[in-house]
Amino acid sequence: MQFNQDMLKAYFVCGSQDLVGQDFEKLLEQSIEAGVTAFQFRDKGASILTNQQRLELGQNLRAICKATNVPFIVDDDVKLANALKADGVHVGQKDELITKVIKEADPDMMIGLSCQTISQVQKANKIKEIDYIGAGPIFPTASKDDAVAPMGLPLMKEMAESSRVPIVAIGGITEDNVYKLKPNGAVGAAFISFVTRSQDVSASVKNVLTAFA
């Protein structure tokens, strides 16, 4: 699957540790039906799955994405990404070195990198294989136990202006602040609890799509 920035408009990120009593597969299906444009399997942190359970769950989620032509991206696990024949792999600044991941990943995979500073963006600009940057957390978030302090909108705008690739915003996205992202340089919003804790998944996702229309 070839990368294009429209994939980043409504980017759902989730792992087993993020669920609030939901059935993961049903939640993904519901999110896709609502219009999410990409899905990232991020099973880490408080996850209690074994490697085999993670692989089996990933296979089921991958199948759902493939059937609906939604990009399936794996976070911080290039071996799992290769095993699942994922469309892409996403790497954080604290994860494996991006250059190592690029060498090990299937050459057709999309590559995403998390950045929190202008300096990190400038380094990313020199790596031609990177397709997009995840900037964040933009706002305070409780979804990631390893999250750094929120960067705010002015820094994200500066990063977007410095980056040669599109930027997707992540961290603390709400119904109210999602409309502030596009004017500050983001081409989309990535979210976890925005969907996992939503009372109306369809309305939440449509709100994001409207913000980036």
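Before reading on, note that the structure itself is shown above.
The structure displayed is predicted, hence computed values, not measured ones.

What should I look at first to understand the pattern of salt bridges in this one?
Pairing between side chains becomes possible if they bear opposite charge and their charged atoms approach one another. Taken as a whole and assessed by the stated rule, the structure comprises six salt bridges. The residue Asp43 makes a salt bridge to Arg54 at a minimum N-O spacing of 2.8 Å. Highlighted residues: Asp43 in the loop between β2 (38–41) and α2 (51–68) and Arg54 in helix α2, separated in sequence by eleven residues. Each member of the pair, Asp43 together with Arg54, is buried.

Would you mind showing me how to read the nonpolar core here?
A general feature of soluble globular proteins is that nonpolar side chains tend to end up buried together. Ranked by internal contacts, the top residues of the largest apolar core, which has 63 residues, are Phe12, Phe39, Phe72, Ile138, Met156, Leu181 and Phe191. Broken down by element, the residue count for this core peaks at five residues, all from helix α1 (residues 24–34). Ignoring anything within four residues of it in the chain, the contact list for Ile138 reads Pro150, Met151, Gly152, Leu153, Met156, Ala169, Ile170, Gly171 and Leu181. Within the second largest apolar cluster, 14 residues are counted, among which are Met110, Val168, Ile170 and Ile192.

Please explain the side chain of Asp18 as it appears in this structure.
Mapped onto the fold, Asp18 is located in the loop between β1 (10–14) and α1. The buried charged residue Asp18 lacks any salt bridge partner; its closest oppositely charged side chain belongs to Arg42, at an N-O distance of 5.1 Å. From its side chain, Asp18 meets the backbone nitrogen of Gly15 in a polar contact 2.9 Å long. Here the side chain of Asp18 touches Gln17 through a polar contact of 3.2 Å, side chain to side chain.

Explain a negative patch on the surface to me, please; I cannot follow it from the model alone.
A cluster of acidic residues, Asp23, Glu25, Glu29 and Glu33, forms a negative patch on the protein surface. With respect to the helices, strands and loops of the structure, Glu33 is situated in helix α1.

Sorry if this is basic, but what is going on with the sheet that holds strand β5 (residues 110–115) here?
Whenever strands of a sheet pair, they do so through backbone hydrogen bonds, lying parallel or antiparallel. If you walk around this closed barrel you meet the eight strands as β1-β2-β3-β4-β5-β6-β7-β8, and the pairing is parallel. Averaged over all adjacent pairs, the angle separating strand axes in this sheet is 25 degrees, with direction ignored. Here four bridges tie β5 to strand β6 (residues 132–135), and the two strands are oriented parallel to one another. Directly across from Leu113, in β6, lies its bridge partner Ile133.

About the cut-offs
- Along each chain, residues carry numbers from 1 onward, in the same order as the chain's sequence is written.
- Only residues with pLDDT of at least 70 are given local features in this predicted model, and only at 80 or more are side-chain atom pairs given and counted; all residues enter the totals for whole chains, interfaces and linings.
- Side-chain metrics in this entry use all non-hydrogen atoms of the structure; hydrogen atoms and water are not considered.
- Within this document, salt bridges are pairs made up of a side-chain nitrogen of Lys or Arg and a carboxyl oxygen of Asp or Glu, the two lying within 4 Å of each other.
- In DSSP terms, a helix is any run of H or I states spanning at least four residues, a strand is any run of E spanning at least two, and both are numbered starting from the N terminus.
- Classification of residues uses two cut-offs on accessible area relative to the type maximum, computed with a 1.4 Å probe and protein chains only: under 20% is buried, over 50% is exposed, and between them is partly exposed.
- For our purposes a nonpolar core is just a set of buried Ala, Val, Leu, Ile, Met, Phe, Trp, Tyr and Cys residues, chained together by side-chain atoms within 4.5 Å.
- Contact criterion: two residues are considered in contact whenever any of their non-hydrogen atoms come within 4.5 Å of each other.
- This count recognises Lys and Arg as positive and Asp and Glu as negative, with His and chain-terminal groups excluded.
- In protein, a polar contact requires one atom able to donate a hydrogen and another able to accept it; more generally it is a pair of N or O atoms within 3.5 Å, and residues adjacent in sequence count only if both atoms are side-chain atoms.
- In this scheme, patches are assembled from residues that exceed 30% relative accessible area and form no salt bridge. Like charges are connected within 9 Å, while nonpolar side chains (Val, Leu, Ile, Met, Phe, Trp, Tyr) are connected within 5 Å.
- Throughout, the Shrake-Rupley method with a 1.4 Å probe supplies accessible areas, and for residues the shown protein chains are the sole cover considered.
- We put the charge of a Lys on NZ, of an Arg on CZ, of an Asp on CG and of a Glu on CD.
- Two strands pair if DSSP finds at least two bridges between them.
- All axes here are fitted lines through C-alpha atoms, helices being fitted over the stretch that makes contact, and every angle between N-to-C directions spans 0 to 180 degrees.

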